[in-house]
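# A structural walkthrough
Residues per chain are reported as follows:
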Amino acid sequence: MTTAGDQEKLAVARAAATLVHDDMVVALGSGSTVALVARALGADRSRARFAVASLATATVATTVGLSLVDDASTDRYDLAIDGADEVDPDGWAIKGGGGAHTRERILIAAADRFVCAVDSSKLVDRLTRAVPLELQPFALASTLSRLPGAVLRDAPPTADGGVLADIEEDLSDPAAVAARLDATPGVVDHGLFSPQLVRELLIARGDDLEHRRR
Ligand code: 5RP
């Protein structure tokens, strides 16, 4: 059965796909919204070239006929498209529900433009989810001792050998939490993405599409 949320996801994915032109090199993140973006691009026979943040996205992209670039030798992307788990009114986002946030941040940071594509369920008054973490497996116990409350995820290592965890935080000041996690040895990356990165939001709400730029 298709829910209203599924329909919003499909609508926002199709809208995001229209931003891709054949001469672009585009970064795609990870998750179900991005998979729908890839499918829409495949259906449009897009001739753009793509870098992908996860094996799951790579599998969908190649299955629908998209061309991939070598991320190791591509330094800039014209556009990055990705989803999010929560976005607050200031533009702070939590990403990493799928555990690909480290690679997603790398791709987004290398893109001239990032469009975050979300269905309306992702918009929240304040961030409440646990913050995803990717941790170095080396000396994991000492890293965890610096992260009281962090819970290891029952998930395989990331594509880069990282250990996934989630941590409940008071997110009334996301910048302070992000700075603390950035400064914690052993934390490869966390899922708090700042408004400086999340400048464009494409939102599907019912039958409406909103393109919010800051
Ligand atoms: C993966 C992500 C995804 O963008 C986020 O989890 C949203 O996923 P979905 O599009 O399936 O709702 O950050 O690391």
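Residues numbered from 1 in each chain as written. Predicted model: local features only at pLDDT ≥ 70, side-chain atom pairs only at ≥ 80, totals over all residues. Heavy atoms only, no water.

### Some details on the layout of surface pockets
Computed from the structure, the largest pocket encloses a volume of approximately 270 Å³. What lines the largest pocket is a set of 19 residues, among which S54, G98, G99, A100 and A159 lie closest to the centre. Of the residues assigned to the lining of the largest pocket, the class counts are nine nonpolar, six polar and four charged. Composition of the lining of the largest pocket by domain shows at least three residues from each of domain 1 (4-125 + 194-207) and domain 2 (131-191). Considering only enclosed or pocket space, the second largest pocket measures out at about 220 Å³ in volume. Class assignment for the residues of the lining of the second largest pocket results in one nonpolar, eight polar and five charged. (1 Å grid on protein atoms, 1.4 Å probe; cavity = no way out; pocket = protein on both sides within 12 Å on 5 of 7 lines; lining within 4 Å. Points joined across faces, edges and corners; volume = space filled by probe spheres on them. Nonpolar A, V, L, I, M, F, W, Y, C, P; charged D, E, K, R; others polar. Domains from an automatic or database assignment.)

### Here we look at unusual backbone geometry
Backbone geometry at R45 places phi at a positive 55 degrees, although glycine is not the residue there. Despite not being glycine, A139 shows a phi value in the positive range, around 50 degrees. With relative accessibility at 38%, the residue A139 sits in the partly exposed group. (Buried < 20%, exposed > 50% of the residue type's maximum accessible area, 1.4 Å probe, protein only.)

### Structural notes on the pattern of salt bridges
One pass over the full model with this rule turns up 11 salt bridges. D112 is paired through a salt bridge with R76; the nearest N and O atoms lie 3.1 Å apart. You can see D112 sitting in the loop between α4 (101-109) and β7 (114-119) and its partner R76 sitting in the loop between β3 (67-68) and β4 (79-82), a full 36 residues away along the chain. For D112, a relative accessible area of 56% puts it in the exposed group. We note a salt bridge from E210 to R212, for which the minimum N-O separation is 2.9 Å. (Salt bridge = Lys/Arg side-chain N within 4 Å of Asp/Glu carboxyl O. Helix = DSSP H or I, 4+ residues; strand = E, 2+ residues; numbered from the N terminus.)

### A few points about the sheet that holds strand β11 (residues 187-190)
The strand order β9-β10-β8-β11 describes an open sheet built from four strands, whose pairing is antiparallel. Two strands lie at the open edges of the sheet, namely β9 (151-152) and β11, each paired on one side alone. Contacts between α4 and the sheet are confined to β8 (131-135), β10 (163-167) and β11, with β11 contributing the most and set at about 70 degrees to the helix. Its contacts with the sheet put helix α6 (residues 174-182) on β8 and β11, and the angle it makes with β11 is roughly 160 degrees. (Pairing = 2+ DSSP bridges. Contact = heavy atoms within 4.5 Å. Axes fitted to C-alpha atoms, helices over the stretch in contact; angles between N-to-C directions.)

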